[in-house]
Structure formats: structure tokens, C-alpha cells
Amino acid sequence: MSLQQFIEQLDELAQSARQSFMGAGDSEELESARVEYLGAKNGRLKTVQKQLGSIERDDKPLAGKKLNEVKQEIQSSFDEASERLVSGPARTERDLRIDATLPGPSQNIGRLHPITQTIDELRDIMGRLGFSPAEGPEIEDDWHNFKALNIPDIHPARDPLDNFYLATAKNTAPALGDNPLLMRTQTSTVQIRVMEKRQPPIRIISLGRVYRPDTADATHFPMFHQMEGLMVDRGVNLSDLKTVIKLFATSYLGDEVPVRVRPSFFPFTEPSVEADYYWNGKWVEFGGAGVVDPNVLAAVGYDPDEVSGFAFGLGVERLCMIRYQITDIRYLYTNDVRFLRQF
Ligand code: DAH
């Protein structure tokens with residue numbers, strides 16, 4: 001892990017610990033938040049601390065210093081939160097006249113959308129496998145959506161009927177070779193964005209929206225979400241990919257889940273596979289994956305003789321729908337509270 005990633009993880013941890021501590025409504029909640037973050041055995045801080053071992057030697061002193069700072073920061077967030085619980089907010093005249101034990105009117109509070117819940121869960125699972133979240137824009141250019149991913153100019157995936165191209169200033173269809181803009185059709189774009197900026201080792205996931213001009217039906221929608229994964233390092237291969245997919249499926253579905261891969265084709269991977277997992281008595285398609293094509297590594301300036309990687313991409317809606325037995329993707333996007341309330 002790079003120093004920068006380590007620091008990023010720590011900063012995120014400090015922030016989310018503070019939110020959890022401050023959000024705790026009573027001392028029981030605060031205590032369970034404390035165990036979650038500061039627990040001596042499996043606390044999240046401990047988990048990050050374990051990664052100190054994989055930091056380069058020269059970076060270790062800085063990493064250790066940062067670790068200590070964040071430890072103190074989290075501890076003082078905790079102290080502050082527990083202080084607040086004990087003393088409570090100042091009481092006013094009005095509070096004294098209110099009988100807080102009376103049941104109030106029922107509260108109609110909102111909840112997270114099932115896709116948001118799914119995304120949060122996927123990010124957690126992949127986080128535990130050491131993959132940190134990365135983001136890219138939803139309006140992309142030809143380079144990141146196609147060219148750098150080894151999709152040649154004449155490839156049918158670029159067909160204007162299969163893409164939401166954005167009109168140019170002159171409102172004419174953009175000419176090929178112009179690096180036209182479009183709504184990204186896949187989160188594979190983020191692979192390129194990350195590799196252009198960083199050197200291996202890389203272990204990221206990206207969760208976000210993609211757009212395709214499909215007519216909405218039970219299994220299609222013109223906007224949906226994908227989770228992209230990318231790992232690049234020395235000697236990464238297909239069996240690493242299988243291991244990660246298997247751990248992921250087992251973690252998400254909560255049981256020993258058999259996984260298989262079938263040969264397939266994607267321009268950006270070689271070999272390419274389609275991965276399936278076995279669930280409720282049948283094989284379910286998981287998504288596309290493969291070993292990153294050397295042309296892709298070369299496009300971002302990596303040396304394909306030095307490093308290799310695997311990548312995968314899967315549909316978030318599909319995972320969510322299988323888990324909750326949702327039969328029509330349109331339910332997810334029609335904002336019918338009778339549906340949304342069930343999550
Ligand atoms: N981008 C592909 C799609 O949208 C899915 C995919 C396949 C992503 C293979 C990958 C991969 O990273 O290696 O259909």
C-alpha cells in the first residue's frame with residue numbers, strides 16, 4: 001500500500017469515527033461505536049494499523065506518525081461525544097414543561113434507497129479486501145471510455161445508437177478522432193483515470209452510474225450502476241481474480257458460494273472471462289472480468305513486462321435485485337414509496 005493511500009484511509013476513518021460518535025444517541029450506542037473503531041481486537045483502526053506492514057520502509061516513520069495522530073484524534077472525538085452525552089444539551093424553561101415520556105406523533109423519516117444501501121455494502125466488503133474507492137466523471141471523453149481501453153475506432157461499441165454522445169458547440173455529431181464527449185457507458189473509465197494518476201500497486205473499486213440508450217424493460221434501464229474493480233501489481237494473475245470474486249460473493253451472499261469463470265471477450269482484458277456464482281440452485285451471471293490487456297497498461301504508460309493486473313465490472317442493480325428478489329429494475333427508479341418503504 002502506498003503512503004498516500006494509507007493516509008487517505010486514516011483520514012476517512014477519523015471522519016467517519018467522529019460522525020458515529022457524535023451521532024450516538026445514548027451511551028450504549030456510543031460504546032458500540034467505540035468498539036467498532038477503537039476495539040483492541042477487531043477495531044477498524046486496528047485493521048488499518050495492520051496495513052502499516054505493507055508500507056515502504058522509507059515511508060514508515062511518516063505513516064507511523066500519522067497513525068498516532070489519527071489515533072489521538074479519534075480518541076478525543078470519543079471523549080467529546082461522551083462528555084456531551086453525560087452533560088446533555090442545556091435545559092430550557094420550555095423543556096421543563098414537556099413530558100418527554102409521552103408518545104409523540106409518528107415520525108415519517110426517510111431511509112436510504114436500496115441501491116444506495118447496496119453500494120454502501122459493496123464498498124464495505126471490497127474495503128475489507130483492501131480495495132479503496134475511486135471516482136471518475138459521468139461525462140467522459142472517447143479516450144477514457146474507449147480508446148485507452150483498447151476499443152478501436154471502428155468498434156461497434158462506439159455506435160451513436162448505443163451511446164449518449166453530447167452535442168458539440170456547433171450542435172453537430174462529433175467526428176471520430178475528435179475525442180468526443182459522452183455519458184460514460186461503463187465504469188471501466190475509472191481504471192484509466194486512476195492508472196493515469198498513480199503508479200502500481202493499485203487496488204481500487206469504483207461504484208457509480210453508467211448510461212446507455214436502452215429502452216426500459218424489466219431488466220434494462222438507460223441509467224444503471226456498476227462496480228468496477230482493478231488490481232495492478234507485479235505478478236497479478238487470473239487466480240488472484242478468482243480468489244477476490246469468490247471472497248466477494250461469499251461475503252455479499254453470506255455463505256460458501258461456488259464461483260466459476262467462462263471464457264469471454266472484452267477489448268480491455270486478455271484473457272477475458274464472464275464470472276458466475278451459484279445461488280439458490282442456479283448459476284447467476286456476476287459480471288465481466290479478466291487480466292488487464294497489455295495495451296491498456298501501455299496506454300497509461302505502465303510497462304506491461306513489469307506489472308500485470310486484473311479487472312472486473314458488474315451490475316449493481318442485478319446484485320441488489322437478486323438479493324431482494326426484485327423482478328423489475330423499473331421499480332428501483334419510479335419512486336413509489338410503497339416499494340421503497342420495504343427496504
Ligand atoms: N465494462 C464492461 C461492461 O460494461 C464490464 C467489464 C468487463 C469490466 C470486463 C471489466 C472487465 O473491468 O475486466 O460490460
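What counts, and where the lines are drawn
- Residues numbered from 1 in each chain as written.
- Predicted model: local features only at pLDDT ≥ 70, side-chain atom pairs only at ≥ 80, totals over all residues.
- Heavy atoms only, no water.
- Helix = DSSP H or I, 4+ residues; strand = E, 2+ residues; numbered from the N terminus.
- Buried < 20%, exposed > 50% of the residue type's maximum accessible area, 1.4 Å probe, protein only.
- Contact = heavy atoms within 4.5 Å.
- Areas by Shrake-Rupley, 256 points an atom, 1.4 Å probe, with all protein chains shown as cover.
- Lys, Arg positive; Asp, Glu negative; His and termini not counted.
- Charge placed at Lys NZ, Arg CZ, Asp CG, Glu CD.
- Near = heavy atom within 4 Å.
- Polar contact = N/O pair within 3.5 Å; in protein donor to acceptor, adjacent residues only side chain to side chain.
- Nonpolar A, V, L, I, M, F, W, Y, C, P; charged D, E, K, R; others polar.
- Core = buried A, V, L, I, M, F, W, Y, C linked by side-chain atoms within 4.5 Å.
- Phe/Tyr/Trp six-rings, centres within 6.5 Å; stacked < 30°, edge-to-face > 60°.
- Domains from an automatic or database assignment.
- Pairing = 2+ DSSP bridges.
- Axes fitted to C-alpha atoms, helices over the stretch in contact; angles between N-to-C directions.
- Parallel < 35°, antiparallel > 145°, perpendicular 65-115°, else oblique.
- Left-handed = near helix turned anticlockwise from the far one by under 90°.

With that settled, the discussion passes to the overall build of the protein chain. In terms of regular secondary structure, the protein chain is built from 12 helices and nine strands. Expressed as lengths along the three principal axes of its C-alpha atoms, the size of the protein chain is roughly 75 × 55 × 50 Å. The 343 residues of the protein chain split such that 41% are buried. Summarising the internal contacts of the protein chain: among those between residues at least 6 apart in sequence, 63% fall at separations of at least 24. With an accessible surface of roughly 19400 Å², the protein chain has 52% of that area assigned to carbon and sulfur atoms. Averaging the positions of the 39 positive and the 50 negative side-chain charges in the protein chain gives two centres separated by 4 Å.

Residues in contact with the ligand amount to 15 residues; listed here are only the nearest, Gln-186, Ser-188, Arg-212, Gln-226 and Glu-228. Between the ligand and the protein, one listed contact pairs a nitrogen atom with a side-chain N or O atom of Gln-186 at 2.7 Å. Taking Arg-212, its side chain carries an N or O atom lying 2.8 Å from an oxygen atom of the ligand. For the ligand, the accessible surface in isolation is 350 Å², of which the surrounding protein chains cover 89%. Of all elements in the fold, only helix H8 (188-197), strand E5 (223-233), strand E8 (282-292) and strand E9 (308-315) reach the threshold of two or more residues within the shell around the ligand. Residue composition of the shell around the ligand, by class: five nonpolar, eight polar and two charged.

Once that is clear, we can look at the nonpolar core. Residues Leu-122, Met-126, Met-227, Phe-248, Tyr-277, Phe-310 and Phe-312 are the most contacted members of the largest nonpolar core, which totals 40 residues. Among the elements that make up this core, the one with the highest residue count is helix H9 (residues 238-253) (seven residues). Here Leu-122 is in contact with Leu-207, Met-227, Phe-248, Tyr-252, Val-316 and Leu-319, once residues within four sequence places are set aside.

Let us now look at the packing of aromatic side chains. A ring pair, where both rings are aromatic, is described by two values, the distance of the centres and the angle of the planes. Within this structure, the stated rule accounts for 11 aromatic pairs. An angle of 70° between the planes, with centres 5.7 Å apart, marks the rings of Phe-248 and Phe-286 as edge-to-face. Of this pair, Phe-248 sits in helix H9 while Phe-286 sits in strand E8; the two residues are 38 residues apart in sequence, bridging distant segments of the chain. Phe-286 shares its class with Phe-248; the two are buried.

That bond from Pro-200 to Pro-201 is cis: its omega, 0°, falls within 30 degrees of zero. Assignment of secondary structure puts Pro-201 in the loop between H8 and strand E4 (202-211). Cis rather than trans, the peptide bond between Glu-270 and Pro-271 has omega equal to 0°. For Pro-271, the location among the structural elements is in strand E7 (residues 269-279). With a phi close to 50°, Asn-280 is a non-glycine residue in the positive phi region. In this structure, Asn-280 sits in the loop between E7 and E8. Assessed through its relative accessible area of 60%, Asn-280 is described here as exposed.

In terms of domains, the protein chain is made up of domain 1 (3-97) and domain 2 (114-340). Domain 1 and domain 2 are separated by 32 Å when their C-alpha centres are compared.

What follows concerns the pairing of E5. A large share of E5 lies buried, amounting to 10 of its 11 residues. Pairing of E4 with E5 involves 10 bridges; the strand directions are antiparallel. Bridge pairing links Gly-208 to Gln-226 in E5.

A separate point is the packing of helix H1 (residues 3-23) against helix H2 (residues 27-38). One can describe the packing of H1 onto H2 by two numbers: an axis separation of 8 Å at closest approach and a directional angle of 165°. Our classification of the angle between H1 and H2 gives roughly antiparallel. Of the two possible hands of crossing, H1 and H2 adopt the one that is left-handed. Only Glu-29, Leu-30, Ala-33, Arg-34, Tyr-37 and Leu-38 of H2 make contact with H1, whose side of the interface consists of Leu-13, Ser-16, Ala-17, Ser-20, Phe-21 and Gly-23. A class-by-class count of the residues in the contact of H1 with H2 yields seven nonpolar, three polar and two charged.

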